[in-house]
Amino acid sequence: MNKEELIELIDNLNISKEDFTILSSGALVIRGIIDKAGDLDIAVTKKGLSELNDKFNLIPKENGWYKVNDNIDCIQDDMINKKEKVEGYYLQDINMYLEHMEASKKEKYKSRIPIVKEYIKNKK
């Protein structure tokens, strides 16, 4: 999904922007760091989780996450001190995401790490 598709997906959740934080590749797409994300991962407040469950009948996964639909997964986390506002949306803090990528063994992160480091360097 490109940025426009992600924003449409996010807006169709119909929950307050204060009640969710965009994570992972979705946060990179919103920032313009990468062009596409395969899905949307979000952290939601307790209120946001309740609202999503009322609207979408969330399906619990084994790892503490919930399946909202075929394109969206969520986890309950207020993300206090772990988010920043970009283009009107709360996104996972870029430095924290970089640390996560560097600690991970996932192959997809290897090509993203230098791009994210360059973004952080240019942001300052």
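Residues numbered from 1 in each chain as written. Predicted model: local features only at pLDDT ≥ 70, side-chain atom pairs only at ≥ 80, totals over all residues. Heavy atoms only, no water.

A. Examining the pairing of strand E5 (residues 72-76) more closely. Pairing geometry for strand E2 (residues 40-44) and E5, over five bridges, is parallel. When the bridges of E5 are listed, Asp41 appears paired with Asp73. Summarising the sheet, strand E4 (residues 66-69) and E5 pair through three bridges and their orientation is antiparallel. Its bridge partner being in E5, Tyr66 is matched across the sheet by Cys74. The turn linking E4 back onto E5 is made up of two residues. (Pairing = 2+ DSSP bridges. Helix = DSSP H or I, 4+ residues; strand = E, 2+ residues; numbered from the N terminus.)

B. Structural detail: the packing of helix H1 (residues 3-11) against helix H2 (residues 24-31). Between H1 and H2, whose axes approach to 9 Å, the crossing angle comes to 120°. What the angle tells us is that H1 and H2 run oblique. Of the two elements, H1 crosses H2, and the hand of that crossing is left-handed. Seen from H1, the contacting residues are Lys3, Leu6, Ile7 and Ile10; seen from H2, they are Gly26, Val29 and Ile30. In terms of residue class, the contact of H1 with H2 is built from five nonpolar, one polar and one charged. (Axes fitted to C-alpha atoms, helices over the stretch in contact; angles between N-to-C directions. Parallel < 35°, antiparallel > 145°, perpendicular 65-115°, else oblique. Left-handed = near helix turned anticlockwise from the far one by under 90°. Contact = heavy atoms within 4.5 Å. Nonpolar A, V, L, I, M, F, W, Y, C, P; charged D, E, K, R; others polar.)

C. Examining helix H4 (residues 94-103) more closely. Inspection of H4 places Ile94, Tyr97, Leu98 and Met101 among the buried residues, and these make up the whole buried set. When H4 is viewed along its axis, its buried side chains cluster within an angular range of 105° and face the same direction. In H4, the exposed positions that point more than 90 degrees away from the buried face belong to Glu99 and Ala103. Of the surrounding secondary structure, the elements contacted by the buried residues of H4 are H2, strand E6 (83-86), strand E7 (89-92) and helix H5 (107-123). Capping the start of H4 is the job of one residue whose side-chain oxygen sits 3.1 Å from the backbone nitrogen of Asn95: Asp93. (Buried < 20%, exposed > 50% of the residue type's maximum accessible area, 1.4 Å probe, protein only. Arc of directions from axis to C-beta. Polar contact = N/O pair within 3.5 Å; in protein donor to acceptor, adjacent residues only side chain to side chain.)

D. Structural view of the side chain of Asp41. On the secondary structure map, Asp41 appears in strand E2. Notably, Asp41 is buried but unbridged: the nearest opposite-charge side chain belongs to Lys108, and the N-O separation is 6.3 Å. Filtering out sequence-adjacent residues up to four positions away, Asp41 remains in contact with Thr21, Ile22, Leu23, Ser24, Trp65 and Asp73. (Lys, Arg positive; Asp, Glu negative; His and termini not counted. Salt bridge = Lys/Arg side-chain N within 4 Å of Asp/Glu carboxyl O.)

E. Structural view of the pattern of salt bridges. If you walk through the whole model with that rule in mind, you get eleven salt bridges. The closest approach of N and O atoms between Glu107 and Lys110, which form a salt bridge, is 3.4 Å. You can see Glu107 and its partner Lys110 sitting in helix H5, three residues apart, about one turn around the helix. Assigned by exposure class, Glu107 and Lys110 land together as exposed. A salt bridge links Glu118 to Lys121; the shortest N-O distance between them is 3.9 Å. Note that Glu118 and Lys121 are positioned in helix H5 at a spacing of three residues, about one turn of the helix. You can call Lys121 exposed: its relative accessible area is 57%. Each of Asp19, Lys47 and Glu51 takes part in one network of salt bridges that share partners.

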